[in-house]
Structures are given as C-alpha cells and as structure tokens.
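# Structural overview for review
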Amino acid sequence: MKRILIPAIILAISGGALYYSTRHKQETHVGPEAMLNALANTQREISRVPAALTRLSDDEEIRMGDSMAQGYITRYTVNQPEDAALQEYVNKVGVIVAAHARRKMLYKFHYIPDENLINAFALPGGHVFIGKGLILLMDSEDQLANILGHEVEHIDNYHCIERFQLRARLHDVPLAELLTLPVEFFQAGYTKDQELEADRDGTWLAVMAGYSPQGAVRMFETFARLQREYVLKAESPDQELSEVAIQGIMGYFRSHPLPQERINQIQRIMANKKWPDHPEKALRVRPVARVVANNR
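Bear in mind that the values here come from a model prediction, so they are computed numbers and not experimental data. Every chain is numbered independently, its residues counted from 1 as its sequence is written. This being a predicted model, a pLDDT of at least 70 is required before a residue's local features are given, and a value of 80 or more before pairs of side-chain atoms are given or counted; all residues contribute to the totals for chains, interfaces and linings. The basis for the side-chain values is all heavy atoms of the structure; hydrogens and waters are excluded.

## Details of the pairing of strand 2 (residues 120–123)
Look at any regular strand and the pattern is simple: side chains alternate between the two faces of the sheet. Our working rule: Note on exposure labels: buried denotes an accessible area under 20% of the residue type's maximum, exposed denotes more than 50%, and partly exposed covers the range between, all computed with a 1.4 Å probe on protein chains only. Numbering goes from the N terminus for both helices and strands, where a helix is a DSSP run of H or I of at least four residues and a strand is a run of E of at least two. At least two bridges found by DSSP between two strands are what make those strands a pair.
In strand 2, alternate side chains face the same way, and those of A120 and A122 on one face and F121 and L123 on the other are all buried. As defined by bridge partners, strand 2 adjoins strand 3 (residues 127–131) across 4 bridges and the pair is classed as antiparallel. Paired with L123 across the two strands is H127, which belongs to strand 3. Counted along the chain from strand 2 to the antiparallel partner strand 3, the turn is 3 residues long, and its residue G125 has a positive phi close to 90°.

Below, the structure is given as structure tokens:
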C-alpha cells in the first residue's frame, strides 16, 4: 500500500504545482530560460505545500485581520476634511484595483495621516494601509493604484498569513495569541521573491483596472532617489524629512529588493506583454505637507 501511496502523493503535489503555475500571473519567456523559470517556480510551490496544508481558513484570517486592523486604526484619528477626503479617495482607487484579485474577499483600504509613514503595508484578511508620507511622494493616481495593487497581492498570494500559519497549526498556538503580534511585523517587508511577486501581480491588477504600469516604474524610480539620498548618501536630499521618516526609509531598503531590479522587472514585463503605456492620471486628492522639524 505504501508503495502506491507515496508516488500518488508526489504526483498530486506536482500536479498541484503545475496547476498553480498555469493559473498564476507572471512573466514568461521563450527558450531555455523559460524551462529554468518553470522548474524554479514548481520547486518553490512544492516547498509551500506544507503551508497550504496548514493554512488558516479565510474566516479565521479575516477575523484575525479585522482585530489587528482595528487596534492599529485607533492610533490615528481621521477627523480633518483633508484626511477624510484622502481616506475616501484611497478606498475608491483600492476597491477598483482589488476587484481583479483572485481571492474574492472584502478588501479594505486605510489612509494613515502620518507624514513619517513613507510606506504601505497589508494585514491578513484584506486590510491595506498607506501612509501620508508615501502619497506625498506621488503625483499620479497610477502610482497610487500600483502601490495598492502591490499590497493587495501580499494578501492575495497568502504572504501575510503564511508568516505565522505554520506556527498556529503545528504548535497549536491560540488565535488570540497571534493577535498580539505588532503591526510593525507586517511593515517590515517579505522575502525578495515575495516582494518581486507582489510587484508583478500588483502591476497586473493596476493594468487590468485601466492604470498605466509606468506608475509602478516611476514609483520605483522615486524609491531609487530616496535610496541614493538617505541610504547611500550619494547626493543631497531634495526635501527635508524627519529623523523618524529617515529611519523608516532605511528600514524599508533593508527588507526590499533594490529599486533598479524592480524597475527592470516591470519594464521587461511591459515589453513582453505589450502593456499599454497610456498617460497617467493626476492625483485627484493631494495631501498637504506640513513643516517638518528635523532633529538630526
């Protein structure tokens, strides 16, 4: 019986990985590179099978995410007219982009009126947050759509929940204990492969929603400038940021792929898939920058 069972399990896993690879949205090439990429992707998906077998249910994930999100939202008050308008705008763009995600859950988008938060992040269950500091670096709705799409794909691809689902299942950790994890745990970024995957799939979501992939390219070009100014210190900054914001930027680049690598990937996909490079739309609602006191 074991002689039959083991090959059957291996065949089922391989078939599942092949099925995933045929459905998953990613760039493809012709030639030997395509075969190597396919083998690497299949190997990666097989390595994720244990996580899939121990995955929390969608209902568990949503309950967890709702609780964590509520705890974070209470730190901030969105009571200024400008903040309320930006919250509505972020949610509107996010819902349009998330409509093309594979996991059909209720995605919720939150604007955090903090200039020091030059970042966006996702929580399990469909919650996406974006800081005022990041939107201040944008000039187009397409940039916003691509950033929100990237974060949606961290949820859509199970990156968020896979961070601790094995611990929850294999070590029988109560859900209530997982809820004590700080939100900063999710701001820190993911593996290089997961970040690049979210770039690819997030840009695809934005393109399907009618936005230009150039919004992603220009956003990564902005990240490259920030890296040169505040991490490499190769050129003088063109704007004054607080020490808190600068520390956040440095932490961001410790956990994310190099901007040029991200730019190259999107440009390669644009060429391969012949994505339309139509003009970007200007931001319809813009945050107002405050005077920043730098204590460096």
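After that view, the rundown keeps rolling.
## Focus on unusual backbone geometry
Of note, the phi angle at Y158 is positive, near 65°, even though the residue is not glycine. Counting through the fold element by element, Y158 comes out in the loop between helix 7 (141–156) and helix 8 (159–162). Despite not being glycine, K274 has its phi angle at roughly 55°, a positive value. Secondary-structure assignment places K274 in the segment after helix 15 (259–273).

## Quick word on the sheet that holds strand 3
Keep this limit in mind: A fitted line through C-alpha atoms serves as each axis, taken over the contacting stretch for helices, and the angle formed by two N-to-C directions is quoted from 0 to 180°. Contacts between residues were defined by any pair of non-hydrogen atoms, one from each residue, lying within 4.5 Å.
On the basis of which strands lie adjacent, the open sheet formed by 3 strands has the order 1-3-2 and mixed pairing. Each having just a single partner strand, strand 1 (108–112) and strand 2 make up the two edges of the open sheet. Ignoring strand direction, the axes of neighbouring strands in this sheet form an average angle of 20°. Where helix 7 meets the sheet, its contacts fall on strand 1, strand 2 and strand 3, and the angle it forms with strand 3 comes to roughly 140°.

Honestly, that's just the spatial picture; any functional story needs more than this.
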